[in-house]
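An overview of the molecular structure
Spelled out from the first residue to the last, the chains are:
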Amino acid sequence: MGKAETFQDLSLAPPGEGQELGRWLYTELRAAIRDGRLRPGSRMPSTRNLSRQYALSRGTVMRAFDDLGNEGYIEGRVGAGTFVAVRLPDESMAARRDPAPAAVEPSQAGLANRGREAVEGIRPLPASHSVGRAFRPYEPAIDLFPVNLWSRVAGRVLRRAPRSLYGQGDARGYLPLRKAIAEWVGAARGVRCHTEQVIVTSGAQQGLDIVARLLLDPGDAVWMEDPGYPGAAFTLRAARARVVPVPVDSDGLNVAQACRQEPHARLAYVTPANQFPLGVALAHSRRLELLDWAARENAWVVEDEFDAEYRYFGAPLPSLQSLDRSGCVVYVGTFTKMLFNSLRLGFLVVPERVADAFAAARTFLDRHPPTLEQAILADFILEGHFGHHVRRMRQVYARRITALCEAARAELGSALDVARADAGMRTVGWIKTGQDDKEVARRARLRGLELAALSEFTVRHFHPGALVLGFASCAPAELQRGVNVLAGALDRCPADAGLAGAKYL
Ligand SMILES: Cc1ncc(COP(=O)(O)O)c(C=O)c1O
């Protein structure tokens, strides 16, 4: 009876509704130890008395004791019983705070020049707190992603994964995933490679970063599409490359002009399947011109095919990599647009002679992307779900761009000419009111829309004012709502604007 009183004095709070009893007892006893109701070195109540007092099975009490013992709160002494540890684990795991640090001058340590230059003007991308908002340009249809299927595959992979997958992973990426990628890009984009040339990255952006680190020296000239993808420009600037803005017309990057501007550039960055942000494809003749130049100059061509799988109208042109005979192309792909943004898995296909260097670079970067996520993605692809999803999204996005164009024609007809994108997840709406595109974008953002002005992506070679509008992530009703809101940001089109039917590119 005496022992029963001992633990009555512990004042254990009753278990919460539905709380697992072993977990409850563990938590309560640990609290009693930490706040001194059970003093260090004192004898623990016996398991028998605890089980009687709280109507618990001995097994439940033993489990709580095991957990407390495994964490170092209690210890068994042979022949003597179980005691509260003299030195609690919390003491060795919590640093003591200096009670009253003396006042000192605040540190003046700041960013290095290189660091300051690298981040100048960059705002961190905001986290998504909603999905499907008009006209978010970088998001696929997350609302239609098959989460149940993904979690089934994930659950199975996690249950069956061998313990070795919890250890150090392959610097190039998980082999079955690299095999699946090599097969997919071979079939879908004509990319010729074997698995050793595939490097799994944390999205296309990291791929671009590794490229810039390994293939460029400070001061090297790089052809960059203008307007172009700011993420690539930022990466090039961080590598201290000299970015040479090259104009883009209806056939894509103007290679002849680039040759005149900077014939001995070290690298060309292009989005040939679906130019960012204009949405044009690099013409076949320009592809050949670009590859000829690179072969002649021993230069690199970085082919960023971030959303090439989504082509709705017309046949896709083969990738530059598939036409490359000299081995100058680095192919960049990503699953963040094909599946969902937060997956953060992408890949590079690099020429064989530099593949080891790309793998070695992981040693000072991130070692490798998380292996278990790669294993889930590998099964998702190998079981055919990925192909099915991409084919399904292609249909959905084709309907969405059509819905956007129709809504824009009906509501904004004379003020904004929305191009029917042949591919990709965003399009361009040409402003016909004569308003400045940044001003229209500013007004639209104030009304809650997510969009950008074309001129925000332009350095030197300006096109007429336009808005860059994402459509893939938005259901048709949201696109309609977005168009209605956009009407409030646009002036009425002056009758004599003379821009109707103008050629924009
Ligand atoms: C042209 C282009 N390349 C690369 C990326 C980066 O892709 P990821 O999110 O996989 O890093 C984007 C993102 O929108 C993009 O538009």
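Described in the following lines is the structure provided in the data block. Owing to the predicted nature of the structure, the values given are computational and were not obtained by experimental measurement.

Our next topic: the site of the ligand. Taken together, 13 residues are adjacent to the ligand, and Tyr 138, Asp 304, Thr 334, Thr 336 and Arg 344 come closest. Contacts to the ligand include Asp 304, whose side-chain N or O atom sits 2.5 Å from a nitrogen atom. One of the side-chain nitrogen or oxygen atoms of Arg 344 is found 2.8 Å away from an oxygen atom of the ligand. Protein coverage of the free-state accessible area of the ligand, which is 390 Å², stands at 95%. When residues in the shell around the ligand are grouped by element, the largest group, 3 residues, is from helix α9 (residues 203-215). Across the shell around the ligand, the residue classes break down as 6 nonpolar, 4 polar and 3 charged.

Working definition: an aromatic ring pair is given by the centre-to-centre distance plus the angle between the planes. Scanning the model with the defined rule gives 18 aromatic pairs in all. Seen in terms of ring centroids, Tyr 138 and Phe 276 are 6.0 Å apart; in terms of plane orientation they differ by 5°. Their pairing is stacked. One end of the pair, Tyr 138, is in the loop between α6 (113-119) and α7 (147-160); the other, Phe 276, is in the loop between β7 (267-270) and α12 (284-297), with 138 residues separating them in the sequence. Ring centres of Tyr 310 and Tyr 397 lie 4.9 Å apart, and the angle between their planes is 65°; this geometry places the pair in the edge-to-face category. Pair noted here: Tyr 310 is in the loop between β8 (300-304) and α13 (320-323) and Tyr 397 is in helix α16 (residues 385-412), with a separation of 87 residues, a long-range link. Neither residue differs from the other here; Tyr 310 and Tyr 397 are each classed as buried. An aromatic cluster is built from Tyr 138, Tyr 229, Phe 276, Phe 306 and Phe 457, whose rings are joined through pairwise contacts. In this arrangement the basic side chain of Arg 77 is found over the ring face of Phe 83, its NZ or CZ atom lying 4.0 Å from the centre.

Turning our eyes to something else, we now look at the pattern of salt bridges. Scanning the model with the defined rule gives 28 salt bridges in all. In this structure, Arg 400 engages Asp 143 in a salt bridge whose closest nitrogen and oxygen atoms are separated by 3.7 Å. Residue Arg 400 is located in helix α16, and its partner Asp 143 is located in the loop between α6 and α7; the two are separated by 257 residues in the primary sequence.

By size, the foremost hydrophobic cluster in this structure holds 71 residues, and its most contacted members are Phe 135, Phe 335, Leu 339, Tyr 397 and Leu 486. Per-element accounting of this core gives the leading share, 12 residues, to α16. Judged by nonpolar contacts, the second largest core, of 25 residues, contains Met 224, Leu 236, Val 302 and Ala 361.

Overall, antiparallel pairing links the 4 strands, which are arranged β11-β12-β14-β13 in an open sheet. Only two strands of the sheet have a single neighbouring strand rather than two, namely β11 (416-418) and β13 (452-453). Taken together, the 3 bridges between β11 and strand β12 (residues 426-431) define a ladder with antiparallel strand orientation. Looking at β12, one finds that Val 418 is bridged to Gly 429.

Attention now goes to the packing of helix α2 (residues 21-34) against helix α4 (residues 58-71). For the pair α2 and α4, interaxial distance at closest approach is 8 Å and the crossing angle is 45°. Regarding the angle of α2 to α4, the classification is oblique. The hand of the α2/α4 crossing is right-handed. Across the interface between the two elements, Leu 21, Gly 22, Arg 23, Leu 25, Tyr 26, Leu 29 and Arg 30 from α2 touch Thr 60, Val 61, Arg 63, Ala 64, Phe 65, Asp 67, Leu 68 and Glu 71 from α4. Residues belonging to the contact of α2 with α4 are distributed by class as follows: 8 nonpolar, 2 polar and 5 charged.

Scoring rules and cut-offs
Residues numbered from 1 in each chain as written. Predicted model: local features only at pLDDT ≥ 70, side-chain atom pairs only at ≥ 80, totals over all residues. Heavy atoms only, no water. Near = heavy atom within 4 Å. Polar contact = N/O pair within 3.5 Å; in protein donor to acceptor, adjacent residues only side chain to side chain. Areas by Shrake-Rupley, 256 points an atom, 1.4 Å probe, with all protein chains shown as cover. Helix = DSSP H or I, 4+ residues; strand = E, 2+ residues; numbered from the N terminus. Nonpolar A, V, L, I, M, F, W, Y, C, P; charged D, E, K, R; others polar. Phe/Tyr/Trp six-rings, centres within 6.5 Å; stacked < 30°, edge-to-face > 60°. Buried < 20%, exposed > 50% of the residue type's maximum accessible area, 1.4 Å probe, protein only. Lys NZ or Arg CZ within 6 Å of the ring centre and 35° of its normal. Salt bridge = Lys/Arg side-chain N within 4 Å of Asp/Glu carboxyl O. Core = buried A, V, L, I, M, F, W, Y, C linked by side-chain atoms within 4.5 Å. Pairing = 2+ DSSP bridges. Axes fitted to C-alpha atoms, helices over the stretch in contact; angles between N-to-C directions. Parallel < 35°, antiparallel > 145°, perpendicular 65-115°, else oblique. Left-handed = near helix turned anticlockwise from the far one by under 90°. Contact = heavy atoms within 4.5 Å.

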